Amino acid sequence: ILLLFFIFLKWNLTFHFSYFSFISNFDMMETGGIFMLFICYPKCSTCKKAKKFLTDHQIEFDERHIVEEKLNKDELKALYLKSGLPLKRFFNTSGNLYKEKHLKDILPTLSEEEQLELLSTNGMLVKRPILETKDKVLVGFKEEQYKELL
């Protein structure tokens, strides 16, 4: 019984810590009522364009390097559900790793939970950039979508 208690306690603390640390970004980054978390890979040309758009429009954001600070399964699930997009949109389908692992053929055989677990293993599998506001998640960079945030 004691072992079960400690397992439950560890899971509960881990979940709450990751959930609240993720949510707390919104408490710290407020710009005119808009909260922003910019999840990117700094060497990615699309991420550079998106970041330039944000800075050119003087939009404050908190930046997270997706490879150095991977998204965990709970964070990915929260972003996925908040976005309203199909989970497949969160995969970097043009990336080398996606192609090397033949994920085009494998993804349809995986459950949603298995896909989220796979995404959490390597930030290079995740489509980027991801921009999260208080009530929206944008995946990839389309200038028209970013303009709607202004």
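Up top is the structure these notes are about.
Residues numbered from 1 in each chain as written. Predicted model: local features only at pLDDT ≥ 70, side-chain atom pairs only at ≥ 80, totals over all residues. Heavy atoms only, no water.

K.L.:
Even after reading the chapter, I still don't get helix α2 (residues 45-56), so can you show me in this structure?
P.N.:
An α-helix turns once per 3.6 residues; consequently, residues spaced three or four apart project the same way. When the terminal C-alpha atoms of α2 are compared, their 16 Å separation across 12 residues agrees well with the 16 Å that a helix rising 1.5 Å per residue should span. The complete set of buried residues in α2 reads Cys 47, Ala 50, Phe 53 and Leu 54. In a view along the axis of α2, the buried residues occupy a sector of 120°, so they form one face of it. In the core, the buried residues of α2 are packed alongside β3 (37-40), β5 (130-132) and α7 (143-147). Once α2 finishes, Gln 58 follows within two positions and takes phi at roughly 50°, a positive value. (Helix = DSSP H or I, 4+ residues; strand = E, 2+ residues; numbered from the N terminus. Expected span 1.5 Å × (residues − 1). Buried < 20%, exposed > 50% of the residue type's maximum accessible area, 1.4 Å probe, protein only. Arc of directions from axis to C-beta. Contact = heavy atoms within 4.5 Å.)

K.L.:
Is there a simple way to think about the nonpolar core in this case?
P.N.:
The nonpolar side chains of soluble globular proteins are, as a tendency, buried together. Phe 38, Leu 54, Phe 90, Leu 119, Ile 130, Leu 131 and Tyr 146 are the most contacted members of the largest nonpolar core, which totals 37 residues. Broken down by secondary-structure element, the contributors of at least two residues to this core are β3, α2, α3 (73-83), α6 (112-121), β5 and β6 (137-139). (Core = buried A, V, L, I, M, F, W, Y, C linked by side-chain atoms within 4.5 Å.)

K.L.:
What exactly am I supposed to notice about the pairing of strand β4 (residues 62-65) here?
P.N.:
Consecutive residues of a regular strand have side chains that alternate between opposite faces of the sheet. Inspection of the sheet shows β3 paired to β4 by 4 bridges, in the parallel sense. Paired with Phe 38 across the two strands is Glu 63, which belongs to β4. Taking the sense of rotation as the criterion, the β-α-β connection linking β3, α2 and β4 turns out right-handed. (Pairing = 2+ DSSP bridges. Right-handed = clockwise from strand over helix to strand, strands pointing away.)

Worth remembering: the numbers are spatial, not functional.
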